[in-house]
Amino acid sequence: MTEELILDHRSKSYPLGAAPCRAADIGQKGWNVLADDLAYPLAVIRRSALAHNIAWMQDYARRKGVTLAPHGKTTMSPELFAQQLAGGAWGLTFATIFQLAVGVEAGARRAIIANQVLADADLDGLDVLLAGHGDLRVWFLVDSLAQLAVIEDWARRRQSPRRFDVLLEIGIPGQRTGCRTLEEALALAAAISRSPAVHLGGIECYEGGLARCDSEHDAREVTALVQRVLEVARCCDAQNLFGDDSVMLTAGGSAVFDLVVPLLRAQGLSRPVLGVLRSGCYVTHDNGNYARFLRQVEQREGLDASLRAALEVWAMVQSVPEPGLALLTCGRRDISYDLELPVPVRHAPRGARVAADAPPGWTISALNDQHAYLRFDAAGTVPQVGDRVALGISHPCTTFDKWRWLALVDDDLAVSGAISTRF
């Protein structure tokens, strides 16, 4: 059971003079972002957009005939994991055993570790989790005979009868992990099938590194990857190398997830296919990188609209030291900047309780540790000291990891709840 979140003076942006509060009770405070009841900067998640996104992606997977195991590294939030599972997710995806433990605590009983596992401490940890939860099943990635040898050595030294569920990873030349050739993949699959330490459950790939936000390019390159994975799957099936009654085929980042659906719905194998989509950033979406990719998904899928940006960081204008430049109380410690800088999305003058869209032309040109440089046309709307500005983000993963809690807000920016993160 997930430990209850208590907010107090140790929680960034929580009012220092306020009494400690259970996250479930924060709505009773009557706080509102635009009443300046909490300190800036303040990361918030809009409840309506969050609920929409969870339901939309679950419905998308259902319509496509695949299952959904959202990547937990995006939020590392037990409360959001629980919402995704309650919304119908088949399971969750993680990158590390530590992350998996957080997900298990939140209620996950099916999980994919979309990464190699080989350190003694990690294999020990996975063994402990599996031993402690009889209904838990976890698959992790194997991409080399060397990794397989390390796992088998662990089993010998521990004298362990454990046989781990694994997925054969197919990689992309020049990019990250995964077998590069059909011959390499089949040799490894055969070795896995003979191993007393592991059990081959299916095939995995990650297509996100191919995406360029160019539909023609992305469709061509991802389709080629899909065909490579299908060839491996068919060869493994023909050689009876899979250890289950069904074959798991899994892929799907957050940028071009629609293009891997043909893999997840593969036919022609001797046993049923369990197709698992692993998108993660959809849960809050963004205003930058994934928003651009999603517009192309919408065009390819014939959709009018889909996901909504749910995550934003509110900051205050603290100085307007020269024409065309304002400094905001938000910096690298508070908001993502790994893919691109944040963007002003809404503006509320000092004292206002309603926010409007940020004026056209407002941009963030740089971040320091604690400052954002807001550039504006001095002939247009000029931000004033004390104004509030909401910043949209690009790549939600690296905003979540800067906060130990985030406020849940209604559409009028009333604070009605909170979630925790466990990075």
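As a starting point, this report considers the structure included with it. This one's a predicted model, so the numbers in the text were calculated from it and none came from an experiment.

Attention shifts here to the sheet that holds strand S11 (residues 273-277). Pairing between the strands of a sheet comes from backbone hydrogen bonds, and it takes one of two forms, parallel or antiparallel. The strand order S4-S11-S10-S9-S8-S7-S6-S5 describes an open sheet built from 8 strands, whose pairing is parallel. Of all the strands in the sheet, the pair left with one neighbour each is strand S4 (67-68) and strand S5 (92-94). Relative to strand S10 (residues 247-251), strand S9 (residues 198-205) runs parallel, the two being bridged by 3 bridges. Of the residues in S10, the one forming a bridge with Gly202 is Met248.

Looking now at the nonpolar core. Burial of nonpolar side chains together is a common tendency in soluble globular proteins. With 114 residues, the main nonpolar core has Ile45, Leu100, Phe140, Phe164, Leu168 and Ile203 as its most contacted residues. Ranked by the residues each element gives to this core, the list is headed by helix H7 (residues 215-238), at 8 residues. Not counting residues within four places of it along the chain, the set of residues in contact with Phe164 comprises Leu123, Leu126, Asp127, Leu130, Phe140, Ile151, Trp154, Ala197, Val198 and His199.

You can see Thr421 is positioned in the segment after strand S20 (415-420). The buried category is assigned to Thr421, whose relative accessible area is 6%. In this structure the side chain of Thr421 is engaged in a polar contact, spanning 2.4 Å, whose partner is the backbone oxygen of Trp403. Look past the residues within four positions of Thr421 in its chain and what remains in contact with it is Thr75, Met76, Ser77, Phe400, Trp403, Arg404 and Leu406.

Parameters and conventions
- Residues numbered from 1 in each chain as written.
- Predicted model: local features only at pLDDT ≥ 70, side-chain atom pairs only at ≥ 80, totals over all residues.
- Heavy atoms only, no water.
- Pairing = 2+ DSSP bridges.
- Helix = DSSP H or I, 4+ residues; strand = E, 2+ residues; numbered from the N terminus.
- Core = buried A, V, L, I, M, F, W, Y, C linked by side-chain atoms within 4.5 Å.
- Buried < 20%, exposed > 50% of the residue type's maximum accessible area, 1.4 Å probe, protein only.
- Contact = heavy atoms within 4.5 Å.
- Polar contact = N/O pair within 3.5 Å; in protein donor to acceptor, adjacent residues only side chain to side chain.

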